[in-house]
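# Commentary on secondary and tertiary structure
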Amino acid sequence: MAWPPSPDELIVVDAPEPGGAGGLYRAFGETLRGLKTTFARVVEGPTTIQYPEEKVPVYPRFRGRHRLHRFEDTGLEKCVGCSLCAAACPADCIRVVAAENTPEHRVSAGERYAAVYEINLSRCIFCGYCEVACPFDAITMGHDYEMSDYNRSDLIFTKEMLLQEPFERTPLRAEGE
Amino acid sequence: MSTELDRPTGAPNAYREQEASIDLSARMHPIPAEAPEQELLTLNMGPHHPATHGVLRLLVTLEGEVVRDLKPIIGYVHTGIEKTAEDKSYWKAIPVMERMDYLAYYFNAMAYCGAVETLLDLEVPKRAQYLRVIHLELNRIMSHLVWLGTSALDLGAISMFWYCFRDREKILDLFEYSSGQRMHTRYIQVGGVIDDLPAGFDAKLRTFLDDMPTRVDQYLDLLNRNEIALQRLRNVCPLDEATLLSLGVTGPLLRAAGNPWDLRKAMPYSSYEDFEFAIPVGRKGDNYDRFAVRCAEMKESVRIIRQALDGLPEGPWITEDRKVALPPRHELATSMEALIHHFKLVTEGYRVPPGEVYYPIEGPRGEYAVFIRSDGSSKPARVHMRDPSFVNLQATAPMTKDAYIADLIATLAMLDPVLGGIDR
Ligand code: SF4
Ligand code: SF4
């Protein structure tokens, strides 16, 4: 591709001078033509959605509120407290304190488990890097986007809250829909 | 008023001295000596004013209804992103850098990732380049739609606002489909893009591409030859090419003045040389040309996306260089080596050879460019964004000199500043 561009690679925009006889015509003619656009929208019908009664379903890749996962068969937590998610987080909003599993007290499938696992959702930028970083699929981004609360301290989600099955609040679209 | 800025060197009071040298008067330029007919009035417009398109404060000196001088004051949404990025590894800085210009997140990410790739001397797979182009151009249309909606609102055409946001919604939906978030998608990564297109994206995008040119025509039906719009835009606040160039203005503002400078053609990046498209230019550099150039650009973007979608090559969507890109997920469970790579990349990140790079791309507002200085570690030593809104804002004063205050609003709208990008 050569520079400078040839004239046929350019579109020159232009418009008539306002006012005069043309202006008189345009004040009626062009306004009517514009109204065609406006009235055609009436036929199209409204596109608004009555949130919160109606909710837009999210796509499978949508990154909403995080979830921690357990193994379905054993009920053990998948998280082994390796802190990789905390290392990946650009907003520094994950806090993990790991502890050793003992035979009497086994929480996770690995050697260690997360004794404390907190995400400060008021800092989170929902980039999903924690999900990308976790090598054990222990944390994933859920589909919940309704997270507002009255207190900032209520937005610090603990491990118990993140492990809970969330309320089905947000509809999900199937892939390809 | 002193025009020379003395830069004190090294003295203990250097900062104070420099601070004292800043001119705090309300005027940018001295007002000519001939006595104004009316008393001059200095007025604050903004920072909280819907017509300033963000948190921008304009100190205007008015003579009656005529703007005699104007001084933009910025910094109300300063976020310190450039400094924050110095504290993150290259990978972790991507979502942070994206948040500068909140209407051009793909461009922010592209400029940043392009700069890192240049330093790393990294080859980006062809499919990734095409996927980037698709999303960049969608982002351009999206940004122009927000501009058109809000600018038309400033001119009094309220319905345009709803139409534009309806179509913008379709684009945000596509963004959510492919990358999981409507804004700040962190889709573009160093070495490629984070994921391939999901199933069904193609069809949805094609429906949008079929609709969009008709939509633009509908907008143009409403505004293009409308006598009120013409009266408000044609021959209003023009600025010639030479002044624009001397101010460093780029993008649609410069093209409206007749200079076809477009980095996509002048210095192609990310395979833009593969696509056929035209550059809309204006003749007069007035507000109408600024408006019409952007509208025509939306149609050209649709053309580019269609070509990129039709010609989308097969292959990987992120580089296979394991020193930079995270290993694919399925390998984590089976390969120890992949797991070690993964740990290393996430905790420390990759090291980037020392050097400096300036990587410019053509954004919806002009030249977005990221400057990075690397000292060889895994964190950038300095990151700087050349944001076009910031540079273009300087042109407000020469454009609106001796114009009516109503035209100042229209001109500011046609300038399309994004304050998140200006203040960073
Ligand atoms: S989504 Fe991003 S910001 Fe939020 S916790 Fe995960 S890594 Fe941190
Ligand atoms: S969620 Fe994953 S990355 Fe984070 S500490 Fe647990 S196992 Fe490690």
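Here is what the cut-offs are and how they apply
- Residues numbered from 1 in each chain as written.
- Chains lettered and ligands numbered in written order.
- Predicted model: local features only at pLDDT ≥ 70, side-chain atom pairs only at ≥ 80, totals over all residues.
- Contact = placed C-beta atoms within 7 Å.
- Helix = DSSP H or I, 4+ residues; strand = E, 2+ residues; numbered from the N terminus.
- Nonpolar A, V, L, I, M, F, W, Y, C, P; charged D, E, K, R; others polar.
- Pairing = 2+ DSSP bridges.
- Axes fitted to C-alpha atoms, helices over the stretch in contact; angles between N-to-C directions.
- Core = buried A, V, L, I, M, F, W, Y, C linked by C-beta atoms within 7 Å.
- Buried ≥ 20, exposed ≤ 12 C-beta atoms within 10 Å, placed from the backbone.
- Domains from an automatic or database assignment.
- Near = placed C-beta within 6 Å.
- Parallel < 35°, antiparallel > 145°, perpendicular 65-115°, else oblique.
- Expected span 1.5 Å × (residues − 1).
- pLDDT = per-residue confidence, 0-100.

## Considerations on the interface of chain B and chain A
Residue-level contacts link 47 residues of chain B with 42 residues of chain A. Those elements giving two or more residues to the side of chain B that touches chain A turn out to be α3 (93-97), α6 (158-179), α7 (201-223), α8 (227-233), α11 (263-266), β8 (279-281), α12 (287-310) and α14 (336-347) of chain B. Classifying every residue of the side of chain B that touches chain A by side-chain character gives 23 nonpolar, 11 polar and 13 charged. Bridging between strand β1 (residues 10-12) of chain A and β8 of chain B involves 3 bridges; their strand directions are parallel. From the neighbouring strand, Ile11 of chain A faces β8 of chain B, where its bridge partner is Pro280 of chain B.

## Thoughts on the sheet that holds strand β5 (residues 66-73) of chain B
All names here are of chain B. Reading across the sheet, the 3 strands line up as β1-β4-β5 and stay open at both edges, with antiparallel pairing between neighbours. Single-partner strands in this sheet number two, and they are β1 (40-45) and β5. The average undirected angle you get between the axes of adjacent strands in this sheet is 20°. Summarising the sheet, strand β4 (residues 57-63) and β5 pair through 7 bridges and their orientation is antiparallel. Counterpart to Leu58 in the pairing with β5 is Pro72.

## Regarding the nonpolar core
In this structure, Ala88 of chain A together with Ala111 and Val116 of chain B are the most contacted members of the largest nonpolar core, which totals 159 residues. If near-sequence neighbours (up to four positions away) are discounted, Val116 of chain B is found in contact with Tyr90, Val190, Val352 and Ile372 of chain B.

## Examining the domain arrangement of chain A
Where the parts come together, the accessible area they lose is often given as the size of the interface. Split into domains, chain A comes out as domain 1 (17-47) and domain 2 (66-163). Between the C-alpha centres of domain 1 of chain A and domain 2 of chain A the distance comes to 56 Å.

## Considering the sheet that holds strand β9 (residues 355-362) of chain B
Residue and element names in this part refer to chain B. One open sheet accounts for 3 strands, arranged β9-β10-β11; its pairing is antiparallel. In this open sheet, the two strands that pair with only one neighbour each are β9 and β11 (382-386). Strand-to-strand, the axes of this sheet are offset by a mean angle of 10°, without reference to chain direction. Across the sheet, helix α4 (residues 105-120) touches β9 and β10 (367-374), and the angle it forms with β9 is around 145°.

## Re the environment of Glu30 of chain A
Within the element layout of this structure, Glu30 of chain A appears in helix α1 (residues 20-44). Ignoring sequence-local partners within four residues, the contact set of Glu30 of chain A consists of Arg225, Asn226 and Glu227 of chain B.

## Thoughts on unusual backbone geometry
Excluding glycine, a negative phi dihedral is what most residues carry, and trans is how most peptide bonds are arranged. Of note, the bond from Tyr51 of chain A into Pro52 of chain A is cis; its omega dihedral lies within 30 degrees of zero at 0°. For Ser270 of chain B, which is not glycine, the phi torsion reads 45° and is therefore positive. Here Ser270 of chain B lies in the loop between α11 and β8. Judged by the 20 C-beta atoms lying within 10 Å of it, Ser270 of chain B is buried. In this model, Ser271 of chain B sits at a positive phi of 65°, which is unusual for a non-glycine residue. If you trace the backbone, Ser271 of chain B turns up in the loop between α11 and β8. Of the residues examined, Ser271 of chain B has 17 C-beta atoms within 10 Å and is grouped as partly exposed.

## Regarding the site of ligand 2
With respect to spatial proximity, 14 residues lie near ligand 2, and among them Cys79, Cys82, Leu84, Cys85 and Cys134 of chain A are the closest. Taken together, the residues of the shell around ligand 2 break down into 12 nonpolar, 2 polar and no charged.

## Section: the environment of Asp387 of chain B
Residues and elements named next belong to chain B. With respect to the helices and strands, the residue Asp387 is situated in the loop between β11 and α15 (388-393). Separated by 37 residues in sequence, Asp387 and Arg424 place their C-alpha atoms 8.7 Å apart. Residue contacts for Asp387: discarding those within four places in its chain leaves Met100, Asp101, Tyr368, Gly421, Ile422 and Arg424.

## A short note on the packing of α4 of chain B against helix α5 (residues 126-155) of chain B
Residue and element names in this part refer to chain B. At their nearest, the axes of α4 and α5 sit 8 Å apart, and the two run at 140° to each other. Judged by the inter-axis angle, α4 sits oblique to α5. In contact with Tyr106, Phe107 and Met110 of α4, α5 contributes Arg132, His135, Leu136 and Asn139. Counted by class, the contact of α4 with α5 contains 4 nonpolar, 2 polar and 1 charged residues.

## Observations regarding the packing of α5 of chain B against helix α17 (residues 405-415) of chain B
Residue and element names in this part refer to chain B. The N-to-C vectors of α5 and α17 enclose an angle of 175°; their axes lie 9 Å apart at closest approach. The pairing of α5 with α17 is recorded here as roughly antiparallel in orientation. Where α5 abuts α17, its residues Thr150, Ser151, Asp154 and Leu155 lie against Ile409, Ala410, Ala413 and Met414. Of the residues that constitute the contact of α5 with α17, the class distribution is 5 nonpolar, 2 polar and 1 charged.

## Focus on the pairing of β4 of chain B
Strand direction decides the pairing type here: β1 of chain B and β4 of chain B, joined by 6 bridges, are antiparallel. Bridge pairing links Thr42 of chain B to Thr61 of chain B in β4 of chain B.

## With respect to α6 of chain B
Compared with the 32 Å implied by 1.5 Å per residue over 22 residues, the 32 Å span of α6 of chain B between its first and last C-alpha is a close match. Trailing α6 of chain B by a residue or two, Gly180 of chain B shows a phi angle of about 95°, which is positive.

## Topic: the confidence of the model for chain B
Residue and element names in this part refer to chain B. Chain-level pLDDT for chain B is 85 on average; 92% of the residues reach the 70-or-more range. By mean pLDDT, helix α1 (residues 14-20) is the weakest element of chain B at 69, and α4 is the strongest at 92. Here the predicted complex scores 0.87 on pTM and 0.85 on ipTM.

## Considerations on α17 of chain B
Residues and elements named next belong to chain B. In terms of burial, α17 is largely enclosed, as 9 of its 11 residues are buried. Among all positions of α17, only Asp407, Leu408, Ile409, Ala410, Thr411, Leu412, Ala413, Met414 and Leu415 are buried. Following α17 by one or two positions, Asp416 adopts a phi angle in the positive range, close to 55°.

## Comments concerning the environment of Arg140 of chain B
Residues and elements named next belong to chain B. Following the sequence through the fold, Arg140 ends up in helix α5. Along the chain, Arg140 and Glu362 lie 222 residues apart, while their C-alpha atoms are 9.7 Å from each other. For Arg140, the contacting residues outside a window of four places in its chain are Ser301 and Pro364.

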